[in-house]
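Each chain, written out:
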Amino acid sequence: MTIEEDRSFMRLALDQARKSYSSNEVPIGAVIVLNKTVIGSGHNKVIEQNDVSSHAEINAIRDASSTLNNYRLNKSTIFITLEPCHMCAKAIVDARIDRVVFAALEPKTGSIISIDNLFDRLKFNHKIAFRTRVIG
């Protein structure tokens, strides 16, 4: 994908983040793209669902898995407004998402650059590429 395509999909993730914000959630959004088509989207619903695992990334993975009727999301890209935490990064690995694009670093819990690099540090059976800061 080109940087312009990345920016276009990140804008959709930002739309999801606005949904979180309007529901008094932490404003994080995510979309999952396969073959330049959105197959899943999600935003934070931790408070709404009273569920610590209801992060934007997890909700987008659930939506995409439902769309494809498959828990494996090979060859897809997830666009996230904030660097994922360890829980979400591991879910991304387990879903077999190939690429992560996120807009902002998360200095407290970011698992890709900020406090750790989970994808490089551990030997997972699936390798993930990542890019940050495509908005600009």
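Up top is the structure these notes are about.
Residues numbered from 1 in each chain as written. Predicted model: local features only at pLDDT ≥ 70, side-chain atom pairs only at ≥ 80, totals over all residues. Heavy atoms only, no water.

Before going further, it helps to spend a moment on the overall build of the protein chain. Helix and strand counts for the protein chain come out as five helices and five strands. Counted from the first residue to the last, the protein chain has its helices and strands arranged as α-β-β-α-α-β-α-β-α-β. The C-alpha radius of gyration of the protein chain comes to 13 Å, within 12% of the 14 Å expected for a compact globule of 136 residues. By its C-alpha atoms, the protein chain is 35 × 35 × 30 Å across when sized along the principal axes. Contacts spanning at least 24 positions in sequence make up 54% of the contacts within the protein chain whose residues lie at least 6 apart. (Helix = DSSP H or I, 4+ residues; strand = E, 2+ residues; numbered from the N terminus. Rg over C-alpha atoms; globule rule 2.2 N^0.38 Å. Contact = heavy atoms within 4.5 Å.)

Another point: the nonpolar core. If you look at the biggest cluster of nonpolar residues, it comprises 28 residues, and the most contacted ones within it are Ile32 and Ile92. Elements supplying a minimum of two residues to this core: strand S1 (29–34), helix H3 (56–68), strand S3 (77–80), helix H4 (86–94), strand S4 (99–102) and helix H5 (118–121). Judged by nonpolar contacts, the second largest core, of eight residues, contains Phe9, Met10, Ala13 and Val31. (Core = buried A, V, L, I, M, F, W, Y, C linked by side-chain atoms within 4.5 Å. Buried < 20%, exposed > 50% of the residue type's maximum accessible area, 1.4 Å probe, protein only.)

Here we take up H4. Counting along an α-helix, one turn takes 3.6 residues, and residues three or four places apart therefore face a common direction. Every buried residue belonging to H4 is among Cys88, Ala89, Ala91, Ile92 and Val93, and all of these are buried. Residues of H4 that are buried in the fold lie against H3, S3, S4 and H5.

All right, on to unusual backbone geometry then. With a phi close to 55°, Asn35 is a non-glycine residue in the positive phi region. Summarising the element assignment, Asn35 is placed in the loop between S1 and strand S2 (37–43). Taking the relative accessible area as the measure of exposure, Asn35 reaches 69% and is therefore exposed. Phi angles above zero are rare outside glycine, and Arg96 is one such case at about 65°. For Arg96, the position within the fold is in the loop between H4 and S4. For Arg96, a relative accessible area of 15% puts it in the buried group.

The next thing to look at is the pairing of S3. Residues Thr77 and Phe79 point to one face of S3 and Ile78 and Ile80 to the other, with burial holding for every one of them. Bridging between S1 and S3 involves four bridges; their strand directions are antiparallel. Paired with Val33 across the bridge in S3 is Thr77. Each parallel crossover has a hand, and the one from S3 via H4 to S4 is right-handed. (Pairing = 2+ DSSP bridges. Right-handed = clockwise from strand over helix to strand, strands pointing away.)

Moving on to the packing of H3 against H4. Each packed pair of helices is defined by two parameters, the angle between the axes and the distance between the axes. Relative to each other, H3 and H4 sit at 25°, their axes nearing to 9 Å. What the angle tells us is that H3 and H4 run roughly parallel. H3 and H4 meet at a crossing whose hand is left-handed. Judged by residue contacts, Glu57, Ile58 and Ile61 of H3 engage Met87, Cys88, Ala91 and Ile92 from H4. Of the residues assigned to the contact of H3 with H4, the class counts are six nonpolar, no polar and one charged. (Axes fitted to C-alpha atoms, helices over the stretch in contact; angles between N-to-C directions. Parallel < 35°, antiparallel > 145°, perpendicular 65-115°, else oblique. Left-handed = near helix turned anticlockwise from the far one by under 90°. Nonpolar A, V, L, I, M, F, W, Y, C, P; charged D, E, K, R; others polar.)

Moving on, we come to helix H1 (residues 3–22). A rise of 1.5 Å per residue sets the reference length of H1, with its 20 residues, at 28 Å; its end C-alpha atoms lie 29 Å apart and thus fit the reference within 8%. Looking one or two residues beyond H1, the residue adopting positive phi is Asn24, at roughly 60°. (Expected span 1.5 Å × (residues − 1).)

On to the environment of Met10. By the element assignment, Met10 lies in helix H1. In this structure, the C-alpha to C-alpha distance between Met10 and Thr81, residues 71 residues apart in sequence, is 7.2 Å.

None of the figures reported here should be taken as evidence of function without further support.
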